[in-house]
Amino acid sequence: MPADPALRPAAEAAAAPALEMRGIGKRFPGVIALEDVDLVLAPGKVHALMGENGAGKSTLIKIMAGVYGKDAGSIRIGGRETELRTPRDALAQGLKVVFQEIALIGEFTVAENIFLEQYPVGRAGSIDWKRIRGEAAALFARIGFDVDPAAKTGDLPISQQQMVEIARALAHEARIVVMDEPTSSLTPSEVALLFAVIRRLTALGIAVVYVSHKLDEVFEIADEVTVLRDGRHISTKPIGAHDHDSLIHDMIGRRIENLFPRSRGHHKGEVVLSVSNLSTDAKLKDVAFEARAGEVLGFFGLMGAGRTELAKAIVGFDPIRTGTIAIGGRPLKPHDTRTGVSLGIGLLSEDRKGEGLMLELPVQQNMSLAALENFSRAGFVEEGRERSAVQSFVDRFRVKTPSLAQPIKNLSGGNQQKVLIARWLMRGLKVIVVDEPTRGIDVGAKSEIFALLDRLAGEGLAVVMMTSEMPELLGLSDRILVMAGGRITAGFERDAATQEKILNAAIG
Amino acid sequence: MPQSVSSLAAAPAGPSLLRRLARRNEIALLLSLLAVIAFFALASDTFLTTRNLTNVLGQAALPLVAGIGVAIVFISGEVDVSIGSLVAAIAIPLITIMNATESFALGVAGALALGLAVGVVNGYLAAYLGINSLIVTLGTLFILRGGVYLYTGQRAIPDDVMLESFFQLGNGRLFGVVPHPAVIAVILLIAFAYFLRHRPFGRQLYAVGGNPEVARLAGYNVRRVKFVAFVISALLATIAGILLASRLGSAVHVAGLGFEFQVVAAVVLGGVSLSGGVGSLAGMALGVLILQFVSNGLGMLNIATEWQLVITGGIIIAAVAFDELKRRRA
Amino acid sequence: MSLVSDRSQIVLLGILALLCIAISLAAPQFYTGANVIAILRQCALVLIVATGMTMLLVAAEVDLSVGASLAFTGCVGMDVTNRTGSLVLGTLAALAFAGGVGLFNGLVVTRLKVNSLIATIATMMMLQGGVYLYTREAVQNLHQIRAFTELGAGYVGGLPIPVLIAALIFIAGFVALRFTTFGRYLYAVGANGKAARLSGLRAERLKLVAFLATGLLVGVAGLILASLMNAGQPTAGRGFELTVIAAVILGGTSLSGGRGTLVGTLLGVLVLKVIDNGIIILRWNQDLQMVVPGVVIILATWLDLVRRRRDAR
């Protein structure tokens, strides 16, 4: 818990800053990513770094990690001026960054990954494997983290891999630990474990930078908070000087009155998707539910509950073992996306780069992919019709792109997501399954995506939404189903749902 | 200065799951090899003789030595197909220098110098300039073979001085039994297996191939690691080329045609992944031996050598398909 | 849409022009009708197969067995024509054989999920062994059917027949890749196979079609080659696969799929073959014909890389 803010100035004056970054600037061709940003870390404190996507947090972290060089400004560590040109420089200075993306070698054991940066070697220069295993086991025992050091890292669930990463920071003599969205895939009990670890770090005098979007966590763990916006330093205050609204205000520069601009009272139509008795080899057990035209059906579950697996099974992407899936009363041939799409069900994947975008190809090709047959005659594409259809969606959804020929990799996450939603609308669907529709999208674009999904339901689509974000779930869904361990464990009407009830069902 | 949490007493460690998993593939390969040997032992009287078995080892030595290098490049996440021409090219400095100086050592030095140069060029183009390594090494495969043809005028350069040491290298036998090339191959295999498992740089090769981004964040110089992999591969191909030249007794312009594919096939059969970060030299060696024994056994049964190519191709497809199937089940 | 023209092709065009000027300055006979026709005829074989290979690379696959299949196909075509005395049957047999090889490659890659580089190396080995089992020596032309000889050596309206065939195939391939849903789907499958599948495309079938098309085109090229050599040569086509791939890559098609055009491939073929021709008419050592493509392919890939990195800024 944060100390009483009134006591802090005295404590800060006593200790030299662990890290002092002054006037940091970084430009990429055509973009100023950071301009005149300051960050000062006190030893033994948790410093939250906040801002929307694109605010410059990740650029700043990458400068700290030695991944990017800075263009301007100075960095002092422990009072001494220094340069962080490579990741090795940063590690040598006792600065350890835990990135959001898992930075472990999947083929290595957990123990080896802990010592990836510096293998302990014996006299002849051979790796001391015994010491690696022993120290990893001892480290895990100390922080109360229950995993076999000899396990292959790639076999562990993502949440445990994230804990391995954090444990790795402890194995080095780090004086500064930076954590980038460390809880994005952790369960509540793991979050509690993480916070205990962070408190242990600060007790040792280590400075911790905590980057997160989750306000509740920041209020729980941080001592101070620095907010960035558009590459500029906005504020640095003790956490006690903030409340939710003021923090959000600093982050986005305006108050979002209503993140979920909801048109009340969707008219629910007939059942368009019915799933019964669905099981897969991997995960799902006897899942059954129905979705109606005009409703948003929200699925909630923690990591590993089986949401993504369900999404991929019902659109015909993954094979199933038993069960039936019917769209508009007609059975879907399992493991066959082609009949799925032609019956009118499509998936907006959580993995935008891996399963959605064709990064090198233009906006136009990306958007028209599923609907190309609508614009073709005898196998030939009528590009004029295609272009005008794409253009009309770009206008309607306010997709920001210089032209339809722009490779989609150059668009922002929010605009990419709009193109992918348009890909399905152009095709014409009865059911759209959206999996984590706002992952990696900044606050402003989020509310646009929400409005879009809401409008789709209003226009008579069934929207099946998989999410791990509670506000998103409660703000958008007409009906909520909760998953745990591959099963549906509870169902709520919108008005009967509360955060506590949902979480209970998700943990159970 | 905060205290380090890493200086804690060692705890008892369980058996390495990674090693257990990795072994499974090698055990399957070993069983396949034994099955191949058993089959031909039953089918042919002359197969299971010391003479024949040691002959096979001698023949396997070349792909084994070159295979170490190719496997290392694969593990680092790249490809090297230039070795087929390189084994022919290095014979030119080797033989011409020996002919001129009557010194075995100088000839070998010349060969190694050429091999090193090729490795540096491959490594620089692929690792530092970032050109796709398949393209780079296909390019050097062409260039070297063309260079050999240009230099030799498509004629073999005979070894005029016939140094005993040079002859013994490829044709002699340790204790009159084990061919020298096999001895060299085994020594190199053990040395590089130790290197890959127990040296930090060996682990860096796996890390760089398994996930270059992670390796970079861990402070590794990804480009340098890959560069070194290409140099190692070229030097090992040079050693294979020296052994080959000794057996042929001359620099033959068509030597090693198709050798690159033979080695790549054996390496892949041995479970070394094309996508990097996975595989072991034990697996690679078993892959080489299986293909070598199959081809030898078919020869023993008087089956046309052409069938050997057909069957080898079939084995590769079957093995890789089986491996893929197994992974999908898991 | 930038499927047809981009700057790398302008660069290639410039290289091609420079080569032509330089060679013709050194050897004025470069521009004689006979020499131009010789170059075009050389290009024809490569271009026919490269058309299929471009489709494969666009779909993020590759076929290394085309050289071995080319030789085998020629032997099959010649042999069947000899035995039956029917050019139609011989042609059908050759196309069926080469198409079968393509289909086999496609099935191994799409059904058994074997990496196409490995799968087609294996097919290449099988074909190289197989062709010697089939025939130890060249299959001579015993039938002397005029139409068969015309296939390689004949002219229509002043143009060699192989060039006309290559042109037709190129145009068909260009239209398919540029203007049809099939072509657009190939790019999609190569750019992101999972996204394509989720959008209802049959990714595996599209790849299979590309393998089959490549196989059939190898059949066409094999017949022309057999006609030109007046025999089915089991040793023909060695290294042909690398020439074809070099031309396609030189033309700007990416090894990682989703990028490339047939116009680029055409330019790539022309550049390589003009260089070959230059080496011959300048009376340079013909073994340079192996060295130069090696240098060119590395250089071209590097230039492309530099250009793309600059664009990314």
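Since the structure is predicted, the reported quantities are computational estimates derived from the model, not experimental observations.

Considerations on the overall build of chain A
When its secondary structure is counted, chain A shows 18 helices and 22 strands. In summary, chain A has a C-alpha radius of gyration of 25 Å against a globular reference of 23 Å for 508 residues, a match within 12%. Projected onto its principal axes, the C-alpha coordinates of chain A cover approximately 70 × 50 × 45 Å. When each of the 508 residues of chain A is scored for burial, the buried share is 57%. Sequence-distant contacts in chain A: of pairs separated by 6 or more residues, those separated by 24 or more amount to 66%. For chain A, the exposed surface amounts to about 20,000 Å²; the carbon and sulfur share of it is 49%. If you average the places of the 61 positive and of the 64 negative side-chain charges in chain A, the two averages end up 2 Å apart.

Considerations on helix 11 (residues 240–250) of chain C
All names here are of chain C. Counted residue by residue, helix 11 has 10 buried out of 11 residues, so it is predominantly covered. Within helix 11 the residues assigned to the buried category are Phe240, Glu241, Leu242, Val244, Ile245, Ala246, Ala247, Val248, Ile249 and Leu250. Of the residues flanking the end of helix 11, it is Gly252, one or two places downstream, whose phi is positive at about 95 degrees.

Details of the nonpolar core
Ranked by size, the top nonpolar core spans 295 residues in total, and within it Leu95 of chain A together with Met284 of chain B carry the most contacts. Of the residues that make up this core, three or more belong to each of domain 1 (44–68 + 86–252) and domain 2 (271–507) of chain A.

Details of empty space enclosed by the protein
A probe matching the size of a water molecule, rolled over the atoms, marks out where space remains unfilled. Taken as a whole and judged by the stated rule, the model has eight cavities of 30 Å³ or more. Approximately 130 Å³ is the volume attributed to the largest cavity. Lining the largest cavity are 16 residues, and of these Val81, Leu134 and Leu138 of chain B together with Leu64 and Leu117 of chain C sit closest to its centre. Looking at the lining of the largest cavity, the elements with two or more residues in it are helix 6 (133–152) and helix 12 (259–269) of chain B together with helix 5 (116–134) and helix 11 of chain C. Looking at which element gives the most residues to the lining of the largest cavity, the answer is helix 6 of chain B, with three residues. Broken down by class, the residue content of the lining of the largest cavity amounts to 16 nonpolar, no polar and no charged.

A few points about the pairing of strand 10 (residues 232–238) of chain A
All names here are of chain A. Relative to strand 10, strand 9 (residues 224–229) runs antiparallel, the two being bridged by six bridges. Residue pairing across strands places Arg229 opposite Arg232, the latter belonging to strand 10. Between the antiparallel neighbours strand 9 and strand 10 lie two residues, among them Asp230 with a positive phi of about 50 degrees.

A look at the interface of chain B and chain C
Listed per partner, the contact involves 39 residues of chain B and 41 residues of chain C. Summing both partners gives a buried area of about 3,500 Å² for chain B against chain C, and 83% of it is carried by carbon and sulfur. Interface area lost by chain B to chain C is led by Phe142, Phe261 and Ile317 of chain B, which between them contribute 20%. Here chain B and chain C share zero salt bridges between them. At the boundary of chain B with chain C, the tally comes to one residue pair in polar contact (both at pLDDT 80 or more). Secondary-structure elements contributing two or more residues to the side of chain B that touches chain C are helix 6, helix 12 and helix 14 (305–329) of chain B. For the side of chain B that touches chain C, the leading source of residues is helix 6 of chain B, giving 14 residues. Split into classes, the residues belonging to the side of chain B that touches chain C amount to 24 nonpolar, 11 polar and four charged.

Quick look at the sheet that holds strand 20 (residues 462–467) of chain A
Residues and elements named next belong to chain A. Strand order in the open sheet formed by six strands is 16-19-20-13-21-22, with mixed pairing between adjacent strands. Both outer strands of the open sheet, strand 16 (345–348) and strand 22 (487–493), are each paired with one neighbouring strand and no more. Shown here is a sheet whose adjacent strand axes are inclined to one another by a mean of 20 degrees, direction ignored. In the packing of helix 15 (residues 413–427) onto the sheet, contacts are made with strand 16 and strand 19 (431–435), and the angle to strand 16 comes to roughly 175 degrees.

Focus: the UniProt feature "transmembrane region" (unreviewed entry) in chain B
Residues and elements named next belong to chain B. The UniProt record marks residues 27–44, 56–74, 81–98, 104–127, 134–152, 172–196, 227–245 and 307–325 with the feature "transmembrane region" (unreviewed entry), using the residue numbering of this structure. Counting secondary structure, residues 134–152 comes out at 100% helix and 0% strand; the distance between its end C-alpha atoms is 27 Å. Along residues 307–325 the backbone is 100% helical and 0% strand, and the end-to-end C-alpha distance reaches 27 Å.

Remarks on the sheet that holds strand 12 (residues 287–292) of chain A
Residue and element names in this part refer to chain A. Taken in spatial order, the four strands make up an open sheet running 12-11-14-15, and their pairing is antiparallel. The open sheet has two free edges, formed respectively by strand 12 and strand 15 (330–331), since each of these has just one partner strand. As paired elements, strand 11 (residues 271–279) and strand 14 (residues 322–327) share five bridges and run antiparallel to each other. Paired with Val275 across the bridge in strand 14 is Ile325. Strands in contact with helix 10 (residues 307–314) are strand 11, strand 12 and strand 14; relative to strand 11, the strand with the most contacts, it is inclined by about 115 degrees.

Here's the deal with the packing of helix 8 (residues 180–198) of chain B against helix 11 (residues 222–248) of chain B
All names here are of chain B. Following both chains from N to C, one finds helix 8 and helix 11 inclined at 170 degrees, their axes separated by 11 Å at the closest point. Our classification of the angle between helix 8 and helix 11 gives roughly antiparallel. Judged by the twist between their axes, the crossing of helix 8 over helix 11 is right-handed. Two secondary-structure elements touch here, helix 8 through Pro181, Ile184, Leu188, Phe192 and Phe195 and helix 11 through Ile232, Leu236, Ile239 and Leu243. In terms of residue class, the contact of helix 8 with helix 11 is built from nine nonpolar, no polar and no charged.

Considering the state of the cysteines
All names here are of chain C. Under the definition given, this model contains zero disulfides over all chains. Cys20 supplies the cysteine sulfur nearest to Cys43, a cysteine that is in no disulfide, at a spacing of 10 Å. Among the residues examined, Cys43 registers a relative accessible area of 6% and is labelled buried.

Let's talk about helix 5 (residues 104–128) of chain B
Residues and elements named next belong to chain B. With 25 residues, helix 5 extends 35 Å from end C-alpha to end C-alpha; this agrees with the ideal 36 Å at 1.5 Å per step. Those residues of helix 5 lying buried are Gly107, Val108, Gly110, Ala111, Gly115, Val118, Gly119, Asn122, Gly123, Leu125, Ala126 and Ala127. Two to three positions downstream of the cap, the backbone nitrogen of Ala105 sits 3.4 Å from a side-chain oxygen, assigning the N-cap of helix 5 to Ser103. Among the residues trailing helix 5, Gly130 stands out with phi positive, at a value near 80 degrees.

Observations regarding the pattern of salt bridges
As enumerated under the stated definition, the model contains 37 salt bridges over all chains in all. For Glu117 of chain A, the salt bridge identified is with Arg168 of chain A, shortest N-O distance 4.0 Å. With a gap of 51 residues between them, Glu117 of chain A in the loop between helix 4 (110–114) and helix 5 (129–143) and Arg168 of chain A in helix 6 (residues 158–171) connect regions that are remote in the sequence. Each member of the pair, Glu117 of chain A together with Arg168 of chain A, is buried. The salt bridge partner of Glu386 of chain A is Arg184 of chain C, with a shortest N-O separation of 2.4 Å. Here the residue Glu386 of chain A occupies a position in helix 14 (residues 383–396), and Arg184 of chain C occupies one in helix 8 (residues 181–191), the pair thus bridging two chains.

Examining the confidence of the model for chain B
Residues and elements named next belong to chain B. Considering every residue of chain B, the mean pLDDT works out to 85; 91% of them sit at 70 or more. Here residues 1–15 scores under 50 on pLDDT; set against residues more than four positions off or in separate chains, the count is 30 contacts. In the predicted assembly, ipTM is 0.85 and pTM is 0.82.

Calculation notes
- Every chain begins its residue count from 1, and numbering advances along the sequence as written.
- A letter from A marks each chain and a number from 1 marks each ligand, given out in the order of writing.
- Confidence filtering applies because this is a predicted model: local features only for residues at pLDDT of at least 70, side-chain atom pairs given and counted only at 80 or more, and all residues used for totals across whole chains, interfaces and linings.
- Only heavy atoms go into the side-chain values, all of them from the structure, while hydrogens and water stay out.
- Each helix is a run of H or I in the DSSP string that is no shorter than four residues. Each strand is a run of E no shorter than two, and both are numbered from the N terminus.
- Values of the radius of gyration come from C-alpha atoms, whereas the globule rule sets the reference at 2.2 Å times the count of residues to the power 0.38.
- Per-residue accessibility, obtained with a 1.4 Å probe over protein chains only, is compared with the maximum for each type, and a residue is labelled buried under 20%, exposed over 50%, and partly exposed between these values.
- Whether two residues touch is decided by their heavy atoms; if any such pair falls within 4.5 Å, the residues are in contact.
- The Shrake-Rupley method, run with a 1.4 Å probe, gives the accessible areas here. Residue values count only the displayed protein chains as cover.
- Note that His is not counted, nor are the chain ends; the positive residues are Lys and Arg, and the negative ones are Asp and Glu.
- Just so you know, the charge point we use is NZ for Lys, CZ for Arg, CG for Asp and CD for Glu.
- In these notes, a set of buried Ala, Val, Leu, Ile, Met, Phe, Trp, Tyr and Cys residues joined through side-chain atoms within 4.5 Å is what counts as a nonpolar core.
- Here the limits of each domain have been adopted from an automatic or database domain assignment.
- Residues are called lining when one of their atoms sits within 4 Å of a cavity or pocket point, these points coming from a 1 Å grid over the protein atoms alone, where a cavity is a set in which a 1.4 Å probe fits but cannot get out and a pocket is an open set with protein on both sides within 12 Å along at least five of seven lines.
- Grid points are joined across faces, edges and corners, and a volume is the space filled by probe spheres set on the points.
- Residues were grouped as follows: Ala, Val, Leu, Ile, Met, Phe, Trp, Tyr, Cys and Pro as nonpolar; Asp, Glu, Lys and Arg as charged; and all remaining residues, including Gly, as polar.
- In this description, strands pair whenever DSSP reports at least two bridges between them.
- Buried area, as used here, totals the accessible surface that two parts lose on assembly, with accessibility defined by a 1.4 Å probe and the loss added over both.
- The term salt bridge refers to a pairing of a side-chain nitrogen on Lys or Arg with a carboxyl oxygen on Asp or Glu at a separation within 4 Å.
- We define a polar contact as two N or O atoms separated by no more than 3.5 Å, with the added condition that, inside protein, one atom must be a possible hydrogen donor and the other a possible acceptor, whereas residues neighbouring each other in sequence contribute only through side-chain atom pairs.
- Axes here refer to lines fitted to C-alpha atoms; in helices the fit is confined to the stretch in contact. Angles between the N-to-C directions go from 0 to 180 degrees.
- UniProt positions are given in the numbering used here, feature names are shortened, and annotations may be inferred rather than shown by experiment.
- Roughly parallel covers angles under 35 degrees, roughly antiparallel covers those over 145, roughly perpendicular covers 65 to 115, and oblique covers all other angles.
- Whether a crossing is left-handed or right-handed is set by the direction in which the near helix is turned from the far one by less than a right angle, anticlockwise for left-handed and clockwise for right-handed.
- Put simply, a disulfide is two cysteine sulfurs that come within 2.5 Å.
- Here, expected helix span is obtained from the residue count minus one, scaled by 1.5 Å.
- A residue's pLDDT is the predictor's confidence in that residue, given on a scale from 0 to 100.

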